[in-house]
Amino acid sequence: QVQLVEAGGGSVQPGGSLRLSCAASGGNFSSSGLGWFRQFSGKPREFVASISQSGGVTYYADSVKGRFIISRDNAKSTVYLQMNSLKPEDTASYYCATTSPWKIVGRQEYEYDYWGQGTQVTVSS
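Rules used throughout
Residues numbered from 1 in each chain as written. Predicted model: local features only at pLDDT ≥ 70, side-chain atom pairs only at ≥ 80, totals over all residues. Heavy atoms only, no water. Core = buried A, V, L, I, M, F, W, Y, C linked by side-chain atoms within 4.5 Å. Buried < 20%, exposed > 50% of the residue type's maximum accessible area, 1.4 Å probe, protein only. Helix = DSSP H or I, 4+ residues; strand = E, 2+ residues; numbered from the N terminus. Contact = heavy atoms within 4.5 Å. Disulfide = S-S within 2.5 Å. Pairing = 2+ DSSP bridges. Axes fitted to C-alpha atoms, helices over the stretch in contact; angles between N-to-C directions.

Enquirer: Lay out the nonpolar core in plain terms, naming residues and giving numbers.
Expert: Grouped together as the largest cluster of nonpolar side chains are 32 residues, with contacts concentrated most on W36, L81, M83 and Y94. Where this core is concerned, the elements lending two or more residues are β3 (18–25), β4 (34–39), β5 (45–51), β7 (68–73), β8 (78–83), β9 (92–98) and β11 (119–123). Look past the residues within four positions of L81 in its chain and what remains in contact with it is L18, R19, L20, W36, V48, A49, F68, I69, I70 and Y94.

Written as structure tokens, this is what we have:
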């Protein structure tokens, strides 16, 4: 059973930065695609970013492109989301997710098989 634990959320002023991390245990981390999603209060979860098994392919939502960077460290079984130039509209709960091994990473929730519990990010002055 794969377990994912997010960390790094918190409160930050507009224009600030945060780095989220998600540590995985169990499963085959280096063979699995990884993604970050977020959920605004009362809204469905939405795609933020994803990264392929090798880290060579990344995808971003238009709303975060140029501000957020997804990366992974297979040796540490950890995926990161560096969030820069944060805006109040980035306030949400952020979730990491992983595919089963060898699946092509994508932008849709249904493509991911395991999810973390979420971490709250609040951007406010």
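Enquirer: Go over the state of the cysteines with me, naming the residues and quoting the values.
Expert: Tallied over the full model, the rule gives one disulfide. The disulfide bridge from C22 ends at C96, spanning 1.9 Å between sulfur atoms. Of note, the bridge from C22 to C96 carries an S-S torsion of about 45° and is right-handed in sense. Placement of C22 in strand β3 and of C96 in strand β9 is noted, with a sequence separation of 74 residues between them. By relative accessible area, C22 is classed as buried at 1%. A relative accessible area of 1% places C96 in the buried class.

Enquirer: Let's hear about the sheet that holds β3: which residues, and what values?
Expert: Reading across from one edge, β1-β3-β8-β7 is the order of the four strands in this open sheet, with antiparallel pairing throughout. Of all strands in the sheet, those bounded by a partner on one side alone are β1 (3–7) and β7. Recorded for the sheet is a direction-independent mean angle of 15° between the axes of neighbouring strands. Two strands pair when backbone bridges link them, and β7 and β8 are joined in this way by six bridges, in the antiparallel orientation. The residue of β8 that forms the bridge with I70 is L81.

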